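This is what each chain is made of:
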Amino acid sequence: MASFYPMKNIVEQTSAGSLISNLKLIGHLIKQPSKEKIICKLRIMSLLIAFTFFSISLIGQSAPPRPIYKIDPEERKVEIKNAVAINSKAMEFAPSFYRNGLVFVSSRKKSGRIDQKTGETFFELYYTEFAPDGAPGKPQPFSVELNSQWHEGPVTFSKDWSKIFLTRSNSENGVTRANEEGKVVLKIYEADRGFWDWENIRELPFNNDNYSCMHPTLTKDSSRMYFISDMPGGFGGLDIWFVNLKDGKWSNPINLEGVNTNKNEMFPYIHESGMLFFASDGYEGMGGLDLFMVNLDESDWNVVNLGDPFNSAADDFGMILDEKGQNGYFSSNRNGGAGKDDIFFFQAALDFINVKLIQKEKEETENPTEEIITDNPSNPVDNKTETPTTLPVEQESQTTEVPPFQIDPENIEDKGLFILVTDANTGRISPDVSIRVVENDESGKPVSDTSVYETRLIPSLENPNEYMLKSFRKEEGRLRNPDAVTSKEGLGIVYLDDNKSYTLVISKPGYRAIEDQVIYNDQTPDTLQYALEQINCLTINGTVISRGFSKAIPNATIRVVNNQTGEEQIVTSNMAGNFIACLELGSSFVLIGQKDGYKSGSSRISTTQLRNIRSMEANIILEPMSSEVVRKPLKEGSIIILNDIYYDFGKSAIRKGAARDLELIVDMMNKFPSMMIELGAYTDSRGEADFNMQLSLRRSESAKNFLVQRGVQPHRIKTFGYGESRLRNHCKNGVDCSEEEHAYNRRTEIKVIKIDEPIRFEYRKN
């Protein structure tokens, strides 16, 4: 960052990932439905609490005495890595969490206007999606509307991602505006998420043409924004300021007295717990910009240097943390990057940097200090260049270790969601009922939880060579362990995050399972009641197998015929050849398996005179008419339509938890190593045709990256973008259609272009 320091007129970095506070996380750990589980969690909690104490610690200060914490630098379990997928020879900095990825600032654009101050192209915003292992993927431009020919910089988002606040060169209608001194300052702009892109871009009211405002970071409830400015009334250089939002209006800026120095503070990041991370060259540090933190929830503020390995002799700035507070990113121009400013990823062990709690001396309580952050701050702190406490630090005084954190389970106030389950037939409470919690995506559907749901190929009724994907809940015996089990009183308790949507799966052998969507908020009742209906049937877990090859047959049709009533139900086998059916007790059935290229096969089952048996296994053997159908479990030319891949309004990045269909393709390509596919993406008719064509190509590439990141070899996938050229309904340009009708045209299609699986013949007597 030294190449463009100081940063009066250069875009800087902020970060505003939404982060669950450690105290809240600890509270969730101890709130379990039984004392035994509470006690078991306390040991885990003692590890997690270390980071919380780290975040609020004050080290080696003068009277009045403060808590003292000892750091063992040899046991710091922090691993820092170069985020190689993001970094280039240009500048990359200012990461901010956005959905399932990062938005960051870069000068990587090879063509465009050059900023004479940096010698680089003007900064633009880029987005990278996280792979399953948490590593960033290939970056792509974040927004057509937000990126301009001038600087775009650090951003922050509202909790629901509906609003963005960004640093931007002072401009109007694409033209920069210079002040009376001929300088173009930086301002903070706000925009709303629209259908295609960010829209309604407007600057915030506290901006000014004569000084810069930049690097916004929002509190979790969006009621306060911290930012950087060189406006009059500061302490010199760049200072941290804040504004409050009340009744939809921002207050006048207030200087963060007690933190700012006579030099430069920048890159603020406000943690949900009240911890503010920032970069500064005004305190004693390790060289250049260093990372610092201060607990704003404390009445007496003390600035703490994060120390090694976060800080170095180079510039280190812009730290953000994930929801668990254990992994994060920061920017630095230290060695080990790709060149200039780079983004680094860090991982920490559960005990983070091994903070050891030491005996807390009795604190003086006379004349307590008032909290400084108010609309009219008083009692400003004057020692602006006070040397901060630095981590790690040697503690030579005698200390006594405090006993492990303890809680009396009798006094725990449960705030979880209680589930009361009864028997629908008898009205009695129902113990031993399993409760599983699955988080929903933005469409209200359960995210890809393969331990609860599986996706199957269903042949289209209109086109036998076309398949649709449908999600099925697994049968009881194949579900993962429950999140809670009802007690003898019929009560279970689960813990959900505020304002998130979940699907509750409530099940018990011999009963029909219930699925219920719940959005957990202040209006959610403390107790939800469910009545399970008994089912008088036998569960059949079956497999369809090819005779002579012992190969499972996917997508076979199984007709289940009741010999007594003639009633018939139809089920299909999944990619592993498995199927499930429920047979009424007291009858006999024939199971008939069918699939093109095979002779039909059957199996007979009787459910009479069964005692205490609720499930059975049954195989159906189909004889292939040739080895061709065994080698090609899916016909070449078959098309699989993926409708449940959700992209962000006019973007090509796949939303978090919205790619369950692609997960199935990963499973298929792992199961059939010879399978090669064409991956084509389609848009609806809205927007310009050329834009839609390019957008669809980027979407197909994004879907390919998803598969590759999960282990599929790139040469097995060809990508195509078809834009709006192959609409599936009447919704052309100028035709009034509903959102649902337009959505029918937005899909990704997988075409099987080659599949030739090795087979092994089996010869048996008789």
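For every chain, the first residue of the written sequence is number 1, and numbering continues from 1 along that sequence. Given that this is a predicted model, residues contribute local features only at a pLDDT of at least 70 and side-chain atom pairs are listed and counted only at 80 or more, while totals for whole chains, interfaces and linings are drawn from all residues. Note that water and hydrogens are dropped before the side-chain values are worked out from all heavy atoms of the structure.

*Asks:* Looking at this structure, I do not really get the overall build of the protein. What am I missing?
*Replies:* Looking only at helices and strands, the protein features 6 helices and 50 strands. Exposure classes here rest on a 1.4 Å probe applied to the protein chains alone. A residue is buried below 20% of its type maximum, exposed above 50%, and partly exposed in between. Looking at the protein as a whole, 52% of its 766 residues qualify as buried. Contacts in the protein between residues at least 24 apart in sequence constitute 63% of all its contacts with a sequence separation of at least 6. If you sum the accessible surface of the protein, you get close to 35700 Å²; carbon and sulfur atoms cover 47% of it. Helix and strand assignments come from DSSP, with helices taken as H or I runs of at least 4 residues and strands as E runs of at least 2, each series counted from the N terminus. In this description, contact between two residues means that some pair of their heavy atoms is separated by no more than 4.5 Å. Reported accessibility uses the Shrake-Rupley method at a 1.4 Å probe radius. Residues are deemed covered only where the shown protein chains occlude them.

*Asks:* Explain the sheet that holds strand β47 (residues 639–642) here, please?
*Replies:* Backbone-to-backbone hydrogen bonds join strands into a sheet, with any given pair of strands oriented parallel or antiparallel. In short, DSSP must find at least two bridges between two strands for them to pair. An order of β31-β32-β47-β50-β48-β49 is seen for the 6 strands of this open sheet, with the pairing classed as mixed. A strand with exactly one partner marks an edge of an open sheet, and here the two such strands are β31 (453–459) and β49 (717–723). Strand-to-strand, the axes of this sheet are offset by a mean angle of 30 degrees, without reference to chain direction. In this analysis an axis means a line fitted to C-alpha atoms, helices contributing only their contacting stretch, and an angle means the value between N-to-C directions, from 0 to 180 degrees.

*Asks:* Even after reading the chapter, I still don't get the state of the cysteines, so can you show me in this structure?
*Replies:* In protein structure, a disulfide is the covalent linkage between the sulfur atoms of two cysteines. The criterion for a disulfide is a pair of cysteine sulfur atoms lying within 2.5 Å. A complete count under the given rule lists 1 disulfide for this structure. One disulfide bridge connects Cys731 with Cys737, the sulfur atoms lying 2.2 Å from each other. On the sign convention where negative means left-handed, the S-S torsion of about -105 degrees between Cys731 and Cys737 marks this disulfide as left-handed. Residue classification places Cys731 among the buried positions, given a relative accessible area of 0%. On the basis of relative accessibility, which here comes to 13%, the residue Cys737 falls in the buried class.

*Asks:* Looking at this structure, how should I read the pattern of salt bridges?
*Replies:* Two side chains with opposite charge may pair up if their charged atoms get near one another. Salt bridges are counted wherever a side-chain nitrogen of Lys or Arg sits within 4 Å of a carboxyl oxygen of Asp or Glu. Enumeration according to the criterion identifies 22 salt bridges in this entry. Notably, a salt bridge pairs Arg108 with Glu92, separated by 3.3 Å at the nearest N-O pair. Note that Arg108 is positioned in the loop between β4 (101–106) and β5 (114–115) and Glu92 in strand β3 (residues 92–98), a separation of 16 residues in sequence. On the basis of relative accessible area, Arg108 is assigned to the partly exposed category, the value being 24%. Accessibility expressed as a relative area gives 0% for Glu92, which makes it buried. For Asp192, the salt bridge is made with Arg202, and the minimal N-O distance between the two is 2.9 Å. Linking Asp192 in strand β13 (residues 186–193) with Arg202 in strand β14 (residues 198–203), this pair joins segments that are 10 residues apart in sequence. Residue classification places Arg202 among the partly exposed positions, given a relative accessible area of 25%.

*Asks:* Please clarify how the sheet that holds strand β10 (residues 163–169) should be interpreted in this entry.
*Replies:* Judged by pairing direction, the sheet is antiparallel, and its 4 strands sit side by side in the order β9-β10-β13-β14 without closing on themselves. Lying at the two open borders of the sheet, with one neighbouring strand each, are β9 (152–157) and β14. Averaged over all pairs of adjacent strands, the angle between their axes in this sheet comes to 30 degrees, without regard to strand direction. Sheet topology note: the β9/β10 ladder contains 4 bridges and is antiparallel. Counted as the bridge partner of Phe157 is Ile164 from β10.

*Asks:* What exactly am I supposed to notice about the confidence of the model for the protein here?
*Replies:* The score called pLDDT rates the predictor's confidence residue by residue, from a low of 0 to a high of 100. Confidence in the prediction for the protein averages 76 pLDDT; 75% of positions are at 70 or higher. Within the protein, the lowest mean pLDDT, 29, falls on strand β27 (residues 355–357), and the highest, 96, falls on strand β16 (residues 224–229). Taken as a whole, residues 2–75 scores under 50 in pLDDT and shows 233 contacts with residues more than four places along the chain or in a different chain.

*Asks:* Sorry, what's going on with the packing of aromatic side chains here?
*Replies:* Here a pair means two rings of Phe, Tyr or Trp (six-membered ring of Trp) with centres within 6.5 Å. Their orientation is stacked below 30 degrees between planes, edge-to-face above 60, and tilted elsewhere. The final tally for this structure, using the stated rule, is 29 aromatic pairs. Each ring, one from Tyr127 and one from Phe142, has its centre 6.4 Å from the other, and the planes form 40 degrees; the classification is tilted. Placement of Tyr127 in strand β7 (residues 124–129) and of Phe142 in the loop between β8 (140–141) and β9 is noted, with a sequence separation of 15 residues between them. When the centroid spacing of 6.3 Å and the interplanar angle of 70 degrees are considered together, the rings of Phe310 and Phe330 count as edge-to-face. Of this pair, Phe310 sits in the loop between β23 (304–305) and β24 (316–321) while Phe330 sits in strand β25 (residues 327–332); the two residues are 20 residues apart in sequence, bridging distant segments of the chain. The buried category is assigned to Phe310, whose relative accessible area is 1%. In textbook terms, an aromatic cluster arises when at least three aromatic residues are bridged by ring pairs, as seen for Tyr98, Tyr127, Phe142, Phe157, Trp161 and Trp198. For Arg728, the ring lying beneath its charged end belongs to Tyr744, and the centroid distance is 3.9 Å. Lysine and arginine charges are scored as sitting over a ring when NZ or CZ, respectively, is within 6 Å of the ring centre and within 35 degrees of the ring normal.

*Asks:* Whenever I open this one, the side chain of Ser312 confuses me. Can you help?
*Replies:* Position of Ser312 relative to the elements: it lies in the loop between β23 and β24. With near-sequence residues (within four places) excluded, Ser312 lies in contact with Met286, Gly287, Asp290, Ser332 and Arg334.

*Asks:* Looking at this structure, how should I read unusual backbone geometry?
*Replies:* A negative phi angle is the norm for most residues apart from glycine, just as the trans form is the norm for most peptide bonds. Across the junction of Asp308 and Pro309, the peptide omega takes the value 5 degrees, indicating a cis bond. Looking at the element boundaries, Pro309 is found in the loop between β23 and β24. The phi dihedral of Asp432 is positive, around 60 degrees, even though this residue is not glycine. Since its relative accessible area comes to 55%, Asp432 is described here as exposed. Positive phi values are uncommon outside glycine, yet Asn555 reaches one of about 60 degrees.

*Asks:* Looking at this structure, I do not really get the environment of Met214. What am I missing?
*Replies:* Tracing the backbone through its elements, the reader meets Met214 in strand β15 (residues 213–218). Accessibility expressed as a relative area gives 0% for Met214, which makes it buried. Distance in space between the C-alpha atoms of Met214 and Gly153 is 8.3 Å, their sequence separation being 61 residues.

*Asks:* Would you mind going over the environment of Leu479 with me for this structure?
*Replies:* Position of Leu479 among the secondary structure elements: in the loop between β32 (466–473) and β33 (484–485). Taking the C-alpha atoms as reference, Leu479 lies 5.7 Å from Ser451; in sequence the two are 28 residues apart. Beyond its immediate stretch of four places on either side in the chain, Leu479 contacts Arg436, Ser451, Val452, Arg473, Lys474 and Ser507.

*Asks:* Could you clarify how one ought to interpret helix α5 (residues 689–709) in this entry?
*Replies:* Every α-helix carries 3.6 residues per turn, so stepping three or four residues along brings you back to the same face. For α5, with 21 residues, the first-to-last C-alpha span of 30 Å sits near the 30 Å given by 1.5 Å per residue. Within α5, the full set of buried residues consists of Asn692, Leu695, Ser696, Arg699, Ser700, Ser702, Ala703, Lys704, Phe706 and Leu707. Immediately beyond the C-terminal end of α5, within one or two residues, lies Gly711, with a positive phi of roughly 105 degrees. In a helix, the anticipated span is given by 1.5 Å times the number of residues less one.

*Asks:* It is not clear to me how the pairing of β4 should be interpreted in this structure. Could you clarify?
*Replies:* Regular strands place their side chains on alternate faces of the sheet. Taken across its 6 residues, β4 has 6 buried, putting it largely inside the fold. Side chains Gly101, Val103 and Val105 project from β4 onto one buried face, and the interleaved Leu102, Phe104 and Ser106 project onto a second face that is buried too. In this sheet, β4 lies alongside β3 in antiparallel orientation, the contact comprising 5 bridges. Looking at β4, one finds that Tyr98 is bridged to Gly101. What sits between the antiparallel neighbours β3 and β4 is a turn of 2 residues, in which Arg99 has the positive phi angle 50 degrees. Pairing geometry for β4 and β7, over 6 bridges, is antiparallel.

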